[in-house]
Amino acid sequence: DSGVTQTPKHLITATGQRVTLRCSPRSGDLSVYWYQQSLDQGLQFLIQYYNGEERAKGNILERFSAQQFPDLHSELNLSSLELGDSALYFCASSTPEGDPSTDTQYFGPGTRLTVL
Amino acid sequence: LAKTTQPISMDSYEGQEVNITCSHNNIATNDYITWYQQFPSQGPRFIIQGYKTKVTNEVASLFIPADRKSSTLSLPRVSLSDTAVYYCLVGPGGSQGNLIFGKGTKLSVKP
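In this text the structure is predicted, and so the values were computed from the model without any measurement.

A. The arrangement of the pairing of strand S4 (residues 31-38) of chain A in detail. All names here are of chain A. Among the eight residues of S4, eight are classified as buried, and the element is accordingly described as predominantly covered. Covered by surrounding structure in S4 are Ser31, Tyr33, Tyr35 and Gln37 together with Val32, Trp34, Gln36 and Ser38, the residues of both alternating faces. The antiparallel pairing of S4 with strand S5 (residues 42-50) creates a hairpin that spans three residues between the two strands. Bridge count for S4 against strand S9 (residues 87-94) is seven bridges, and the pairing is antiparallel. Paired with valine 32 across the bridge in S9 is serine 93.

As structure tokens, this is what we get:
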């Protein structure tokens, strides 16, 4: 158990709909990262938040957005869903301690999104 | 971030030592080498991270030659439960940047 929790575990929805995925980081971790893993694209970084502020952006579609709340949990919002958005969505968290050799991202169990 | 190259797949038998080599010719001075393990439908799990020479923990060893252009993950006495995909990543510290995952190495351990 990494200490990162994600809800829901599974989500089935239809094209055109909007969903929200939730992530609670490990206790004390300030950074939250979102990744998408699909069969054809592998694991891809979407976006990072640090203490409520957006820190880095990857291959995140304009239909997707995220935020990190004061209690440090994060939500990933996916709208106008398409069949191709079906994938595993992982959240990871970390706390930079000033020593890069000890910085590690811990991944949650993921949310499996199926768009029908 | 430095690009990595690792074998697509490897087969082994229970009890054997497995060595997975990763090439990263363009590694930068401030880059670290990190290995993750992923089981089907689960999130990647951190295995080990190093900068140079050798690092060992309770799970694996990481060997990094002086030129740092490659690294080898060593798994001692693998078991069936070590069957997974292993990713080699190179970047400026685990949380100082987003992680760029390649295809990884699918390790299959047979009885």
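Continuing now.
B. Layout of the layout of surface pockets. Taken as a whole, the largest pocket spans an internal volume of roughly 570 Å³. Around the largest pocket, the lining is made up of 24 residues, and of these Gln37, Ser38 and Leu39 of chain A together with Gln38 and Tyr87 of chain B lie nearest the centre. Of all elements in the fold, only S4, S5, S9 and strand S11 (111-115) of chain A together with strand S8 (84-91) and strand S9 (105-110) of chain B reach the threshold of two or more residues within the lining of the largest pocket. Residue composition of the lining of the largest pocket, grouped by class: ten nonpolar, eleven polar and three charged. If you trace the second largest pocket, you find 15 residues lining it, with Asp1, Ser2 and Phe107 of chain A together with Gly43 and Arg45 of chain B closest to the centre. At the level of secondary structure, the elements contributing two or more residues to the lining of the second largest pocket comprise strand S10 (106-107) of chain A together with strand S4 (45-50) of chain B. In terms of residue class, the lining of the second largest pocket is made up of seven nonpolar, six polar and two charged.

C. Quick peek at the packing of aromatic side chains. All names here are of chain B. One pass over the structure, following the stated rule, counts ten aromatic pairs over all chains. Summarising the aromatic geometry, the rings of tyrosine 36 and phenylalanine 46 are spaced 6.0 Å apart at their centres and angled 80° between planes, so their arrangement reads as edge-to-face. With tyrosine 36 in strand S3 (residues 32-38) and phenylalanine 46 in strand S4, the pair connects residues that are ten residues apart, well separated along the chain. According to the relative accessible area criterion, phenylalanine 46 is partly exposed, its value standing at 24%. Seen from the ring of tyrosine 51, arginine 68 lies directly overhead, with NZ or CZ sitting 4.0 Å from the centre.

Rules used in this analysis
Residues numbered from 1 in each chain as written. Chains lettered and ligands numbered in written order. Predicted model: local features only at pLDDT ≥ 70, side-chain atom pairs only at ≥ 80, totals over all residues. Heavy atoms only, no water. Buried < 20%, exposed > 50% of the residue type's maximum accessible area, 1.4 Å probe, protein only. Helix = DSSP H or I, 4+ residues; strand = E, 2+ residues; numbered from the N terminus. Pairing = 2+ DSSP bridges. 1 Å grid on protein atoms, 1.4 Å probe; cavity = no way out; pocket = protein on both sides within 12 Å on 5 of 7 lines; lining within 4 Å. Points joined across faces, edges and corners; volume = space filled by probe spheres on them. Nonpolar A, V, L, I, M, F, W, Y, C, P; charged D, E, K, R; others polar. Phe/Tyr/Trp six-rings, centres within 6.5 Å; stacked < 30°, edge-to-face > 60°. Lys NZ or Arg CZ within 6 Å of the ring centre and 35° of its normal.

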